[in-house]
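Notes for the structure review
Letter by letter, the chains look like this.
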Amino acid sequence: MKPRRLRVLVLPLAAIVIFAAVEYRLRQPVERKPQTGASYGAPLEAPPPLEGTDSNNNYFRLDRYLGRQEVIVVFFDRVKGANGDPVLAELKKQTQTLKSRGIFVVAVSSALPQENRKAGFETPVPFVLVTDPDVVWKVHRPWGCLDEDAGTAIPRAFFVDRAGRTQMRDGQPVPVTPDDVSARLAGTRE
């Protein structure tokens, strides 16, 4: 009778062991690995806010585009203007590619809207020039595009993916090089 009695107890004991193992695993803290981009290994997160007046005196907000399409954010030097920025010059040459791939370009500087209009940088879709006044620097600072000591803007470019995320390090977006921008447009880097 002893072997039969053991067989009857095996199923309930197995159920108790399985229940205990599942309960133990559920009570362990979850280790979340950040999603990382291909190029820098930095975690992908939502970018800092970006809003301001565009060259047509309309109010622009980046978050209207997040989660809908890829965005390239370019901070350029006010003195050189949009026409003098090498990244914007390359992007302007690639307007058809940008349109066909659904990539939107936001260019930010401390230049006033009327200065941007006067500079003669035609802003065909998908470009928009946004003003971040140099007294406040409310956009440049969180994006890491401000030399605090000199009080001047630092020209940089950033990718924001279709899901509305960009690579972040130490609470600021990770800039990309002009070569990264060219490679992205050529389709060799995703």
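Model, not experiment: these values are computed from the prediction. (Residues numbered from 1 in each chain as written. Predicted model: local features only at pLDDT ≥ 70, side-chain atom pairs only at ≥ 80, totals over all residues. Heavy atoms only, no water.)

Below, the discussion takes up the nonpolar core. Ranked by internal contacts, the top residues of the largest apolar core, which has 19 residues, are Ile72, Val74, Leu88, Leu91, Leu98, Phe127 and Val181. Going through the elements one at a time, strand S4 (71–75), helix H2 (86–93), strand S5 (104–109), strand S6 (127–131), strand S9 (156–160) and helix H5 (178–186) are the ones with two or more residues in this core. Per element, the largest residue contribution to this core is three residues, and it comes from H2. Contacts of Leu88, omitting those with residues within four sequence positions, involve Val74, Phe76, Ala82, Val105, Ala107, Phe121 and Phe127. (Core = buried A, V, L, I, M, F, W, Y, C linked by side-chain atoms within 4.5 Å. Buried < 20%, exposed > 50% of the residue type's maximum accessible area, 1.4 Å probe, protein only. Helix = DSSP H or I, 4+ residues; strand = E, 2+ residues; numbered from the N terminus. Contact = heavy atoms within 4.5 Å.)

Turning to the pairing of S9, a few remarks are in order. Counting buried positions along S9 yields four of five residues, so the element is predominantly enclosed. Across five bridges, the pairing between S4 and S9 is antiparallel. Pairing of Ile72 across the sheet is with Phe159, part of S9. (Pairing = 2+ DSSP bridges.)

One open sheet holds the three strands; their spatial order is S1-S10-S11, and the pairing between them is antiparallel. Every interior strand has two partners, whereas the edge strands, strand S1 (44–45) and strand S11 (172–173), have only one. Strand direction decides the pairing type here: S1 and strand S10 (residues 166–169), joined by two bridges, are antiparallel. Bridged to Glu45 within S10 is Thr166.

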